[in-house]
Amino acid sequence: MYTTTLPQTGLTSGDLIKVTDHIKRQMAAKGITSAQVLGALRNPYKVTPVTRYPGQRRYCGNGVAVVVEPDDNRRYTLVTVYLDGVVTDLRPDQMNDPAALNSTRLARR
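Overview of the structure. (Residues numbered from 1 in each chain as written. Predicted model: local features only at pLDDT ≥ 70, side-chain atom pairs only at ≥ 80, totals over all residues. Heavy atoms only, no water.)

**Regarding the overall build of the protein chain**
Across its full length, the protein chain carries four helices and five strands. Listing every helix and strand of the protein chain by position from the N terminus yields β-α-α-β-β-β-β-α-α. Residue burial in the protein chain is summarised as follows: out of 109 residues, 31% are buried. Summarising the internal contacts of the protein chain: among those between residues at least 6 apart in sequence, 47% fall at separations of at least 24. When the accessible surface of the protein chain is totalled, it reaches about 7,200 Å², and 53% of it is carbon and sulfur. (Helix = DSSP H or I, 4+ residues; strand = E, 2+ residues; numbered from the N terminus. Buried < 20%, exposed > 50% of the residue type's maximum accessible area, 1.4 Å probe, protein only. Contact = heavy atoms within 4.5 Å. Areas by Shrake-Rupley, 256 points an atom, 1.4 Å probe, with all protein chains shown as cover.)

So, in structure tokens, the structure goes:
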């Protein structure tokens, strides 16, 4: 079973958040609201490291998973967002990727 040592706490109003164009596009395409993203960041039920991209963290809550890249000064770049717990098909660029092919999400089908 996967465990993490990351603190299971959310971001605070003192943390700076950079919103990228990519996450804006993902929110629009998937019907995800700013309130959902902020809810996941401020009150996550789970915070995990993104194994594929060391240093990134995934904040899960409010029906979404938000991937962030933190720096050392309480600044967080929002990388992407997706619906939490929804299993999707692999993208074409993941078809020959051993990490993607061995992902636990494929076992949840």
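**Digging into the pairing of strand β5 (residues 75–83)**
As paired elements, strand β1 (residues 16–19) and β5 share four bridges and run parallel to each other. Note on β5: the bridge partner recorded for Lys18 is Thr77. Between the antiparallel neighbours strand β4 (residues 64–70) and β5 lie four residues, among them Arg74 with a positive phi of about 60 degrees. (Pairing = 2+ DSSP bridges.)

**Thoughts on the nonpolar core**
If you look at the biggest cluster of nonpolar residues, it comprises 15 residues, and the most contacted ones within it are Val37, Leu41, Tyr59, Val66, Val68, Leu78 and Val81. Broken down by secondary-structure element, the contributors of at least two residues to this core are α1 (21–30), α2 (34–42), β4 and β5. Once you skip the residues sitting within four places of it in the chain, Leu41 turns out to touch Gly10, Leu11, Ile17, Tyr59, Val66, Val68 and Leu78. (Core = buried A, V, L, I, M, F, W, Y, C linked by side-chain atoms within 4.5 Å.)

**Regarding the pattern of salt bridges**
Oppositely charged side chains can pair when the atoms bearing their charge come close. Inspection of every chain in the model, using the stated rule, returns one salt bridge. Its salt-bridge partner being Asp15, residue Arg74 comes within 2.8 Å of it at the nearest N-O pair. Note that Arg74 is positioned in the loop between β4 and β5 and Asp15 in the segment before β1, a separation of 59 residues in sequence. (Salt bridge = Lys/Arg side-chain N within 4 Å of Asp/Glu carboxyl O.)

**Remarks on α2**
Of all the residues in α2, the buried ones are Val37, Ala40 and Leu41. Buried positions in α2, seen along its axis, are confined to an arc of 100 degrees and lie on one side of it. Against the buried residues of α2 lie β1, α1, β3 (57–61), β4 and β5. (Arc of directions from axis to C-beta.)

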